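Each chain is listed here by its residues.
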Amino acid sequence: MTATATASTDVTLVGFKDQANLGMGYLAATLAQHGRSVEMADYRHPAEEIVERVLETNPLVVGFSLIFQYYLPGYRKLAQALREAGVAAHFTMGGHYPSLCFDEVLESVPELDSVARFEGELTLVDLVDRLDAGEEWREVPGLAFRRDGEFVESEPRALIHRLDDLPHPVRPSEPAQVVGFRTVPMLASRGCARRCSFCSIHAFYRTAPGKVVRTREPAAIVAEMRELYEQDGITVFLFQDDDFPLWGKAGRRWVEALVHELHAQDLVGRVLWKISCRAEYVEPELFAMLRDAGLYLVYMGLESGTESGLEVLNKQISVEQNRAAIETLKELGILFEYGFMLFDPSSTFESVRENARFLQSIAADGQVGALFCRMLPYGGTPIRDRLREEGRLRGDVTRPDYDFLDPRLTDYHRLLDRAAEGWIHNDGVSHQFNWAWTEVGVLSRLAGPLEGVEAYREALAALAARSNRILFDLVERSSLAFEQDGDDSLLSPQRSDMICRELVEELLSLRNEFISENQDRLWAAIERSRVRGPIISPQIF
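Residues numbered from 1 in each chain as written. Predicted model: local features only at pLDDT ≥ 70, side-chain atom pairs only at ≥ 80, totals over all residues. Heavy atoms only, no water.

Glancing now at the packing of helix α1 (residues 22-33) against helix α6 (residues 121-133). At a minimum axis distance of 9 Å, the contact between α1 and α6 shows a crossing angle of 45°. What the angle tells us is that α1 and α6 run oblique. Both α1 and α6 take part in a crossing whose hand is right-handed. Two secondary-structure elements touch here, α1 through Tyr 26, Leu 27, Thr 30 and Leu 31 and α6 through Glu 121, Leu 122, Leu 124, Val 125 and Val 128. Partitioning the contact of α1 with α6 into residue classes produces seven nonpolar, one polar and one charged. (Axes fitted to C-alpha atoms, helices over the stretch in contact; angles between N-to-C directions. Helix = DSSP H or I, 4+ residues; strand = E, 2+ residues; numbered from the N terminus. Parallel < 35°, antiparallel > 145°, perpendicular 65-115°, else oblique. Left-handed = near helix turned anticlockwise from the far one by under 90°. Contact = heavy atoms within 4.5 Å. Nonpolar A, V, L, I, M, F, W, Y, C, P; charged D, E, K, R; others polar.)

As structure tokens, this is what we get:
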């Protein structure tokens, strides 16, 4: 938690502070710009610590930043603890789920006074000003609240038209690092023009008045990057845009201006950056230009390896377009990661196997760790509404679920999820392979030439390929056995856990040997990057 210089504060923001949480950072910066004092607390800190600090500073407003709806019960417990301790501040909550399903949130968390809907920077400033002046806060545009036992909305607040009018977000004093190189999240745009059925992003931006997709000026983005590079030694930038603005002729002009500014500010060769985008944007000439300007990693939501699955998810893209994007990135030497839903509401045993074969076709060479998940029907999404209409929606507001068309898939998914846990969950081996690829990608661009780097790449790819092959073989054989006669003998968590432990041991041994061989080069490169403050030694596990 960040303490202010005074004994009290106007606003305490509570949320996850992973990757600096740009949403909270922009809220805090905007409040500060309007003369308000702000503290930010990490939701994962012990509740008693948060309660103690809030009692000490006595804020006007406590704002809860909810990233995923299944954290709602935890936020409810914290709100209860604050109220029971005598905190009388106005409680408000923001995020995609509260914005789109404010009635469910206000009913689930009776301690809340309001929900701040959609982009909350100016709404929060207005709310604090009204409360501080003793004025009627329910007239603030962009809120939802209770009135006479009903859930009501105030006048909607328009989306922020010019993003560069926002101040730079408040960032942590100690940024995250990739083998010693400092990294921070960045924002180039807000909004998404697509309408994927499982995603709440498009509904979030389309429900509020205003232009759905807005981009910052390339000169302003690069000026912020230059400032962070010079003042804080930041050399790796992670663009957190929902969809990096590459779409169409306008997107091409915009990104060409961005690349021009990177060259003009002398950042090319000094910094790296990562983006998230759709697969159809990936074409050789454009991405070669981006690579040469510092792009090193691309995240894409592939989501399905079947045409029917892509149609259900309303991805408006084909399997071949997804495959072509992966091949282009590999040919250009750009790292990639992906999102993928092995299971969705239309799944059959055969589609699960078809999805696994698609993933194996793009991951067989070991250049990415094998990952997949099950689609969840989040609040405010078209697919949740459809499942409710079909009578297939299950669970509650914080744990949404659904029935598969084949009821046997429910049991199979549960067993497979546990058997594959060592690969796909949390710090699973596939995540660790992807992190190892990130490390070598950053080192090769910022610290090269490196001793034995090609041999390390080959060994890393071979090990990741073996890991992926084991996982996809498990999906293929276990799904066939389970479909035919309910045989679950292949889905042994104990055996899978043992395999994953062995894979992790091999990976860490391989990685640590490579890092040790290049320790001196790495230290020199970190010093050249002008990292301020004490340099943290690259960790050898």
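Here the narrative resumes, following the displayed structure.
With that settled, consider helix α8 (residues 218-232). Given a rise of 1.5 Å per residue, 15 residues ought to cover 21 Å, and the 21 Å separating the end C-alpha atoms of α8 matches this to within 8%. Along α8, the residues classified as buried are Pro 218, Ile 221, Val 222, Glu 224, Met 225, Arg 226, Leu 228 and Tyr 229. If you follow the buried residues of α8, they end up packed against β9 (181-186), β12 (234-239) and α9 (248-264). Where α8 ends, the next residue or the one after it, Gly 233, has phi of about 65°, a positive value. (Expected span 1.5 Å × (residues − 1). Buried < 20%, exposed > 50% of the residue type's maximum accessible area, 1.4 Å probe, protein only.)

Another aspect to go through is the sheet that holds strand β13 (residues 272-276). One open sheet accounts for seven strands, arranged β8-β9-β12-β13-β14-β15-β16; its pairing is mixed. The open sheet is flanked by β8 (176-178) and β16 (373-374), the only strands paired with a single partner. As paired strands, β13 and strand β14 (residues 295-303) are joined by four bridges and run parallel to one another. Looking across to β14, one finds that Ser 276 is bridged to Tyr 299. (Pairing = 2+ DSSP bridges.)

On to the packing of aromatic side chains. To describe a pair of aromatic rings, one takes the distance between the centres and the angle between the planes. Evaluated as defined, the whole model comprises 25 aromatic pairs. Between the aromatic rings of Phe 343 and Phe 404, the centroid separation amounts to 5.9 Å while the plane-to-plane angle is 55°, which identifies the pairing as tilted. Placement of the pair is Phe 343 in strand β15 (residues 335-343) and Phe 404 in the loop between β18 (400-402) and α15 (408-419), with a sequence separation of 61 residues. Taken together, the aromatic side chains of Phe 16, Tyr 43, Phe 64, Phe 68, Tyr 70, Tyr 71, Tyr 75, Phe 91 and Tyr 378 make up a single cluster linked through ring pairs. When the ring centre of Phe 91 is taken as reference, the NZ or CZ atom of Arg 83 above it lies at 3.5 Å. (Phe/Tyr/Trp six-rings, centres within 6.5 Å; stacked < 30°, edge-to-face > 60°. Lys NZ or Arg CZ within 6 Å of the ring centre and 35° of its normal.)

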